[in-house]
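Here is how the chains run, residue by residue.
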Amino acid sequence: MGFLSNKIKRSEIKAGDHIYTYRTMYAYAHHGIFVGDNKVVHFTRDPDKSSNSNTSFASFDIKMSKTPSTTCTSYADCGFRHPESGVVLSCLDCFLQNRALYRFDYGVTKAAFCAKVRGGSCTTAISDEQDTVIHRAMYLLHKGFGNYDVFTNNCEDFALYCKTGLLIVENVGCGRSGQISTMFGVPIAAILTSPLKFVVPTPVVATVTAGMYCMTRYANDIGVRSDVVKVNVEDLVVKCGWMDNLKEESQENE
Ligand SMILES: [Zn+2]
């Protein structure tokens, strides 16, 4: 793997890796979590809810979500997703669509972070254990990841969350706002009553110098922000009311 490129061979990929591939002449990267057994869990815009969308990322994701399932002949479960959920299981081939494979780097130094020409390829945040990452991805595959009223989220946010469990708390309730000294010390009650959001990649204006761009990116990186908290995937789903969808679903199945 080169210093400036995260491109990897298929043989280098490991379960729990955050991978991505570029679309549309490198204008857009689609991200996912490789869960092993040639499968990728990734977040696409739920086609059933596409009318709610007002972000450009979401419109990209709609295009992505057409990709899996119907055309795949290799895996019967390729393209699997719950109704109402944008989290999809795809085989690696369908995810990549014959394009190059890249791995998102975690735990990079500030120097390495700033040396990257493009954003969205690495973070200073540390990845959790492989099993934890896969658990989050598989859990969200079955519970969903979409409350577009609370989050502005896309496929990269999904993968970042699966890898780190980190979310940004805009202001923690209970009258002690801004007093987060540790990522792990925040009572879950505070998290449940606070607005959370993902790090949305800032659109880069062409005239911004590389140095300025790096500073902005670095300040926004979840690895250096002080307003991030670690949220269990089970708590995340409860907070966002995604359990309700599942309950309705299981009742219908009975
Ligand atoms: Zn497939």
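Rules used throughout
- Residues numbered from 1 in each chain as written.
- Predicted model: local features only at pLDDT ≥ 70, side-chain atom pairs only at ≥ 80, totals over all residues.
- Heavy atoms only, no water.
- Helix = DSSP H or I, 4+ residues; strand = E, 2+ residues; numbered from the N terminus.
- Buried < 20%, exposed > 50% of the residue type's maximum accessible area, 1.4 Å probe, protein only.
- Contact = heavy atoms within 4.5 Å.
- Areas by Shrake-Rupley, 256 points an atom, 1.4 Å probe, with all protein chains shown as cover.
- Pairing = 2+ DSSP bridges.
- Donors = N, O, S within 2.8 Å, 3.2 Å for Na, K, Ca; no water.
- Tetrahedral: all angles 85-135°; square planar, octahedral: opposite > 155°, others 65-115°.

A few words on the overall build of the protein chain. The number of helices and strands found in the protein chain is 9 helices and 8 strands. Within the protein chain, the fraction of its 254 residues that count as buried is 46%. For the protein chain, restricting intrachain contacts to residue pairs at least 6 apart in sequence, the fraction spanning at least 24 positions comes to 70%. A total of about 12,600 Å² of accessible surface is found on the protein chain, and carbon and sulfur atoms cover 54% of it.

Next up on the list: the pairing of strand β2 (residues 28–36). Put simply, side chains in a regular strand alternate between the two faces of the sheet. Counting buried positions along β2 yields 9 of 9 residues, so the element is predominantly enclosed. With 6 bridges connecting them, strand β1 (residues 18–23) and β2 associate as antiparallel partners. By the bridge assignment for β2, Tyr22 is matched with Ala29. Inspection of the sheet shows β2 paired to strand β3 (residues 39–43) by 3 bridges, in the antiparallel sense. By the bridge assignment for β3, Phe34 is matched with Val40. Connecting β2 to the next strand, β3, in antiparallel fashion are 2 residues, including Asp37 with a positive phi near 55 degrees.

The expected angle between donors at a tetrahedral four-coordinate metal is 109.5 degrees. At an octahedral six-coordinate metal it is 90 or 180 degrees. Here the zinc ion is held by Cys72 (SG), Cys78 (SG), Cys91 (SG) and Cys94 (SG), and the distances to it run 2.3 Å. One can describe the site at the zinc ion as tetrahedral: its 4 donor atoms subtend angles covering 104 to 118 degrees at the metal. The buried category is assigned to Cys91, whose relative accessible area is 0%.

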